[in-house]
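Here is how the chains run, residue by residue.
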Amino acid sequence: MTDEELRLEASEWLARNWDARARKSKYDPDGGLKGWLKQTFDARWSVLRWPEEWYGRGLPDEQAKIVEQEFARVGATGTGLDRSHLAANTLLTFGQDALKRELLPKFLTGQYTNCLLYSEPGAGSDLAALRARADRDGDRWLINGQKVWTSGAATADYGLLIARTDWDAPKHKGISFFFIPMKQKGIEVRPLHQITGDSHFSEVFLDNAVVPAGNLLGKENDGWKVLQTALAYERLVMGEGAGERRQGSSIDNKISLIAMAREAGCIDDPCIRQDIARALAYRQLNALNLQRAKAEMAQGTSSPIMSLGKLAMSRILHEDARVMTTILGASSVLDGAEHPRAADVNYRAFNAYMTSIGGGTDQIQRNIIGERVLGLPREVELNRDLPFRESLAVPKS
Amino acid sequence: MSTINAEERQAIRDSFHRLLAETGREADVRRAMATDSGFDPVLWRAIADMGILGLLIPADFGGIGAGAEEIELVMEEAGAALLCGPLMSSGVLAASLLSYSSDEHAKARLLPAIGSGERIATVAITGDRGLWTPTDVSVTAVRDGDGWRLDGVASFVTAGTQADTLLVIAKAGSGLATFEVDRGAAGVAVTALKSFDRGQRFARIVFASASGAPIEGANEAAIEKMLDLARVALAGEQAGATRHVFDMTVEYIKTRVQFGRPIGGFQAIKHMAADLLIEVESATSAARHAARALAEGMPDTEVLVSLAAFVCADAFSQIAATSIQMHGGIGFTAEHPAHLYLRRARADAQLFGNSSLYRERYLSALEKAA
Ligand SMILES: Cc1cc2nc3c(=O)[nH]c(=O)nc-3n(C[C@H](O)[C@H](O)[C@H](O)COP(=O)(O)OP(=O)(O)OC[C@H]3O[C@@H](n4cnc5c(N)ncnc54)[C@H](O)[C@@H]3O)c2cc1C
């Protein structure tokens, strides 16, 4: 198919199915996102670069972009999941065929959501120190341990779980990666309150929770490798600035510092102008960097360049919040629905930590950039090559 | 000038510290923040009994007759403990403005009850822009027979919902003057403004032909003196809070282990802490030197007070913010105190004027001297 034929097919299909003004499907009676995702999935627009046998069209990157542009032109979502859907991409690369058949359509149509069961109380930045255990029991695995800061755990259908399967191997080499069904009696989810007022993340207690053997991703004890791919997708998404806005916020997602300063009557203040220029430049430069990195990155590989994006985005979000606070001035001490601007800025100032801590902290991103991108010597790490059982991370009784 | 010596000053601080360590702990602070009134009346009583509310009130009116250095030290403790309630409004703003006035009548009537904590007072200063500058005063007073009528808006009134008595700064004729108004009086409409730091309650107050009693001599010069003292008190609060969050953070990075060692062992974290220590110490130095300059009426008072105002605000904001980062995930939970400090820092950074304003004032004062 030529580029032009493809563009035509996409634009005609969108014209028939997408109501650009109302920003919803023309056919789905609820007008909800799920209905639209199902439509795009059935028409094979969701994961253009994926092979045809796995719901895609096997398109080269340049052609996939043509379709994505058509979608963007009319403000339609539902494509590009081959880059942004962390769970689906990880599953496609490392999952067993039966599991892929079962779960990929459900994830891609938004029927199932997922959460990331990585961090533990004793294993945050040092994820490889995790102590949740998976023990083989016939055709299933039994999971015991505790996870923490698990975003979306309360509603998720599946969890991407890392657990230890070999205690005699060094810390990175005895970990396996699973897709665990969340709605089962061995899993207890206790929501935690966040500084933003949300309760998106939770503690998760696993007590003989069951994972079918077919839900192992990659090879047993090779979970660290699977994790690197999953993390790369997560950081990619965070680097693009996903989820920076307060739910139900008055300001649209593309914040306009300029509009805010005009509204506050300080657009002529020379100091504020400098601040705004700097903040807007950070954002634009990140977009330019990501654009270049994406073009260079082969499909499905993890690129350390993406860690650059996440670190840059962290600075962008913190700096935006700072400049917005300056623009608002005294009003920034306020909060609540009657003060939507203040509530939004305060939310942003706090939510920025989701990007500077979640998915690997800024400090860890800097280490990764130093070590993997620049090839600088690795930090000396105690016990890295010791059998995990003997390391300091395991309390001795 | 205060006749209190360094030893007595330290004793006041120590007893306030002990009081807050007993009844102003984190759990108490959270409880106070969750109440409608926003403060704990029992603790308020205890603070009054200790003489803290009368620190700036002359002995003739039942106070201690202390000054800038004492209030600065006391506020360091208040900041460290995240004290909630109208100490700044009643004990600093209202107490000092009245003391600086020449209105013996008003002093006799109001100061003893302010010092004993029975009467809570605040000063309504700024308009809707929240700049705390003379041009930002948006209440006007005009003569009406024997009395005065007030019209206009005062906003970001600290403790505006907690105070019984409002000292309202208004434009009267060619200058500024101060009027005593009852919060519940006719023509006074108080709207609570929901605050991001639940330990501070602000109000927007609309005056529509409200009658006000003038406070003699609470004129522009007295108001400016009050604001200088408030800046020093706030700088003290910020410096104390800054040190507290910093110490808490250093304690954490010594104990939290990742990769087989305390995270403070990583240079990334160690260097962050070292850099922050400069800010912590600078904040303390700036606040204390400003207090001393003000107490002794030194020629560089304006320079030092302005310096303290922005240095302490910025240090507090920066350290409270970085503390969350250094704590990792636990710092993102509402149960952890780090965010309470960041909320306070964000509010304090606006009170009585923001950092840009004070950097400007600092430089202007240096230019004048140069
Ligand atoms: C909003 C939010 C959502 C999250 N969602 C999820 C989720 O869905 N699933 C999940 O598994 N986890 C999630 N997390 C957890 C997140 O991944 C961890 O918080 C993060 O990896 C840091 O781990 P930690 O909290 O244990 O902090 P620690 O690792 O204890 O870090 C504390 C401090 O030490 C620093 N530090 C640690 N090691 C080093 C080093 N080697 N060099 C320099 N500095 C170092 C850190 O940068 C940080 O400043 C979420 C976190 C947040 C804030």
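Up top you'll find the structure we're talking about.
Structure report, in brief. (Residues numbered from 1 in each chain as written. Chains lettered and ligands numbered in written order. Predicted model: local features only at pLDDT ≥ 70, side-chain atom pairs only at ≥ 80, totals over all residues. Heavy atoms only, no water.)

## With respect to the pairing of strand 3 (residues 147-158) of chain B
Residue and element names in this part refer to chain B.
Line of reasoning, step 1. Where burial is concerned, most of strand 3 is hidden: nine out of the twelve residues are buried.
Line of reasoning, step 2. The loop that links strand 2 (residues 139-144) with its antiparallel partner strand 3 comprises two residues; one of these, glycine 145, has a positive phi angle of about 65°.
Line of reasoning, step 3. Relative to strand 7 (residues 202-214), strand 3 runs antiparallel, the two being bridged by eight bridges. When the bridges of strand 7 are listed, threonine 158 appears paired with phenylalanine 202. (Buried < 20%, exposed > 50% of the residue type's maximum accessible area, 1.4 Å probe, protein only. Helix = DSSP H or I, 4+ residues; strand = E, 2+ residues; numbered from the N terminus. Pairing = 2+ DSSP bridges.)

## As for the interface of chain B and chain A
A common way to state how big an interface is: give the accessible area lost once the parts meet.
Line of reasoning, step 1. Contact with chain B, which involves 36 residues of that partner, is made by 41 residues of chain A.
Line of reasoning, step 2. Regarding the contact of chain B and chain A, the summed buried area is about 3,300 Å², with carbon and sulfur atoms giving 62% of it.
Line of reasoning, step 3. Along the contact surface separating chain B from chain A lie zero salt bridges.
Line of reasoning, step 4. Here chain B is connected to chain A by 17 residue pairs in polar contact (both at pLDDT 80 or more).
Line of reasoning, step 5. Secondary structure elements with two or more residues in the side of chain B that touches chain A: helix 8 (267-296), helix 9 (301-327) and helix 10 (338-348) of chain B.
Line of reasoning, step 6. Among the elements that take part in the side of chain B that touches chain A, helix 10 of chain B stands out by supplying five residues, more than any other.
Line of reasoning, step 7. Partitioned by chemical class, the residues of the side of chain B that touches chain A number 17 nonpolar, twelve polar and seven charged. (Contact = heavy atoms within 4.5 Å. Buried area = accessible area lost by both parts, 1.4 Å probe. Salt bridge = Lys/Arg side-chain N within 4 Å of Asp/Glu carboxyl O. Polar contact = N/O pair within 3.5 Å; in protein donor to acceptor, adjacent residues only side chain to side chain. Nonpolar A, V, L, I, M, F, W, Y, C, P; charged D, E, K, R; others polar.)

## Some thoughts on the packing of aromatic side chains
The geometry of two aromatic rings is summed up by the distance between their centres and the angle between their planes.
Line of reasoning, step 1. Applying the stated criterion across every chain yields a total of 23 aromatic pairs over all chains.
Line of reasoning, step 2. An angle of 70° between the planes, with centres 5.8 Å apart, marks the rings of phenylalanine 39 of chain B and tryptophan 44 of chain B as edge-to-face. Note on accessibility: phenylalanine 39 of chain B and tryptophan 44 of chain B belong to one class, buried.
Line of reasoning, step 3. Here the aromatic cluster, defined as three or more aromatic residues joined through ring pairs, consists of Trp13, Trp18, Trp36, Trp45 and Phe71 of chain A. (Phe/Tyr/Trp six-rings, centres within 6.5 Å; stacked < 30°, edge-to-face > 60°.)

Such coordinate-based values are descriptive only and should not be taken to indicate function.
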